[in-house]
Each structure stands twice: as C-alpha cells, then as structure tokens.
Amino acid sequence: MSTDAESGFDPAVSDDLILRLPQARALGLQIRAFGAGRAEIHMPFAAQLVGDPETGVIHGGAVSTLMDTCGGASVMAHPQVEGHTATISLRIDYLRAATPGQGITARAECHHVTRSVAFVRAVALDEDEDRPVAMATGTFTVPQMRGDAPEGAA
Amino acid sequence: MSHRKPEPVQVVKQRRDTALRALAEGVPYVNFLGITFDRRGDELTGVLNYDDKLIGNPDLPALHGGVTAAFLEVTSIITLSWMSLWDEVESGRLDLGSLEKGQLPRLPKTIDFTIDYLRPGLPRDAYARARVTRSGRRYASVHAEAWQDNRDRPIVQAVGHFLMPWDER
C-alpha cells in the first residue's frame, strides 16, 4: 500500500477504512487523503447528528467518532505500521461550536511511533479553516512494525 | 411540623419520566445512536441499544470506539442536565408541557472529554452511568463508564469538563 497525501489515495484504502466500517458508512465519512502518517476524513452535515436542537450544532460525540477514525487512519498511513490499530486513549478539546449546516473535516497526523504505541494529534475544521472546531491527541496500539520478525516484538 | 400527604406514585413517576423522555428524545444524535435511559429515582443508566451500524471493526466484530465515546458523552450530558433539572421537575417549576413540545432546557457544553479504551465493545447492548464529581456555577466535572456483561469489567471510561448553560459569558 504505497500512497501519498498529495496525489490522493488508493481506493482500496477507502474500502478498507470506510466502506467496511458500518459506523463510518452510517456517518457518510469520506476519506480525502491518506499516506505518510497523515489522514484527512470528511463528515458531511446531517440533521440526525445534531446534538442541540435549539442551535442545530453537531453533537460532540459525532466529532469524537470522526477524530477517532481519522486518528486510527493516520496510524495505518504511517510507513512503519502494518495492519489495523486500536485506540488506547483519546482526548478532545472542543474549541467552539461547529457552524450549523456545515460538514466537518478531520486532519490527523501520526507524529511518533514506538514498537507498541503510536502517538497522534488531530484537528477538526468546518468551512472556516482558520478557526478549528476541536483538537485531539490520542494514543493507538501498534500491531506490528514493518520489518519486525513476528517473534521479535517485545 | 406539618406532614403533607405523599403524592400518588403514578403522579411522581409520570412527572419524572416525562421530563427524562423529553430531555433525551429531543436530541437527534441520541436517537441516531439508539441511546435510551433507565431511571431509578434520580439515578440514570444509559442504554446503547445494539444495532449493526454501531460496529467499527467488522472483523472482530467490535463497537466503533467513537460510538462508545459518544455514548459516554451523551450519558454525561443527559445526567448533568437531569441532576440540575431535578429540583425544578420536583417543585413543579419546570413546565412539562413545553418540555414535551420540544422546548428543551439549554444543555451543558463539552469543554473537553478524555476517553480511556479498556476492552473491545462486543456486538450487544452496553450500559453507562455518569457521576457528577463536581458541579459548580460555571464548570462541572464528570466521570463516566460503560460496561456490557459485567459491571466490574468496564469497556470504556472517560472524564470530561462541561460548561453549564446558565453562565456562558
């Protein structure tokens, strides 16, 4: 799976990351970039995702799912990681309410990987990209390092 | 000391259940995830009613981590609102009629939420409770956890901070 964020991504990645995940499909997630430890995923606005009917603002929980999915994708996009990952922990800061009616895009970067743990930071944006909606930091499991002997993991 | 006759149980239950239903069912995303609430007195238990669309990893299969996180965030917000509404519900100050028509009280806003994934969520119902560890005039701290088969083997826990709706400036 060799891809890079500039030239788009392999459609097989989209199948693997989004289409096979029922919850990602239910949210209509669209993967927009994948490679070199980075991922970008878009979540279109939908009325069913609203958390506060008074304001029409998307629920933080939907943003959590987007950030978690995008964070995991950035780990899988890391050249030293092979296979699937699972979230160990995720912290999300909600900086402001997303603008009602607008979709949300998450950009995640897997900035450090050890034999066992991948470290991720991510940001969530609506159409006003200068003012992030949320920021996240997360840790994820590393199933297998590329080049490791299978029994070599410590 | 004056002793008032206790209210009939049906009256008490109807008032509380009406308020809770209006609070939880008024939020579209709560319905999208299929979350409902059981009530015992003032104690709430969130129920994540299983549906195939909640799955993240289809190979295990396991509930999506984002879904279990969202489940805890929903349970935290509804529990926090419920605790702060309780006195108004009980005293009759809260107009249940307008609540039922969808005029929800302002909900607390999440400031931050930190999720600790403990075990994969199995493809079945999950339950959650939130404990308001500190509730001040402006900020509240909440701890929440969710479990499935065994109460003492939680699948996910979280702490979050919330901005209370009546003092946002």
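Since the model is a prediction, treat every value here as computed from it, not as a measurement. (Residues numbered from 1 in each chain as written. Chains lettered and ligands numbered in written order. Predicted model: local features only at pLDDT ≥ 70, side-chain atom pairs only at ≥ 80, totals over all residues.)

Enquirer: I keep staring at the overall build of chain B and nothing clicks. Help me out?
Expert: Helix and strand counts for chain B come out as 4 helices and 8 strands. Relative to the compact-globule value of 15 Å for 169 residues, chain B shows a C-alpha radius of gyration of 17 Å, a close match. Burial analysis of chain B (169 residues in total) assigns 37% to the buried set. Within chain B, counting contacts between residues at least 6 apart in sequence, those at least 24 apart form 64% of the total. (Helix = DSSP H or I, 4+ residues; strand = E, 2+ residues; numbered from the N terminus. Rg over C-alpha atoms; globule rule 2.2 N^0.38 Å. Buried ≥ 20, exposed ≤ 12 C-beta atoms within 10 Å, placed from the backbone. Contact = placed C-beta atoms within 7 Å.)

Enquirer: I keep staring at helix α3 (residues 65-91) of chain B and nothing clicks. Help me out?
Expert: Side chains three or four residues apart in an α-helix point the same way, a direct result of the helix having 3.6 residues per turn. Residues and elements named next belong to chain B. Counted at 1.5 Å a residue, the expected span for α3 with its 27 residues is 39 Å, and the 39 Å between its end C-alpha atoms agrees. Leu85 marks where α3 bends most, by close to 45°. The positive-phi residue at the C-terminal boundary of α3 is Gly92, with phi of around 85°. (Expected span 1.5 Å × (residues − 1). Bend = angle between axes of the 7 residues up to and from the residue.)

Enquirer: What exactly am I supposed to notice about the pairing of strand β8 (residues 156-163) of chain B here?
Expert: When a strand is regular, its side chains alternate between the sheet's two faces. Residues and elements named next belong to chain B. Alternating residues of β8 divide into Val156, Ala158, Gly160 and Phe162, all buried, and Gln157, Val159, His161 and Leu163, none buried. Here 8 bridges tie strand β5 (residues 109-117) to β8, and the two strands are oriented antiparallel to one another. Paired with Tyr117 across the bridge in β8 is Val156. Where strand β7 (residues 139-147) meets β8, 8 bridges bridge the pair, whose relative direction is antiparallel. The partner of Ala144 across the bridge, within β8, is Ala158. (Pairing = 2+ DSSP bridges.)

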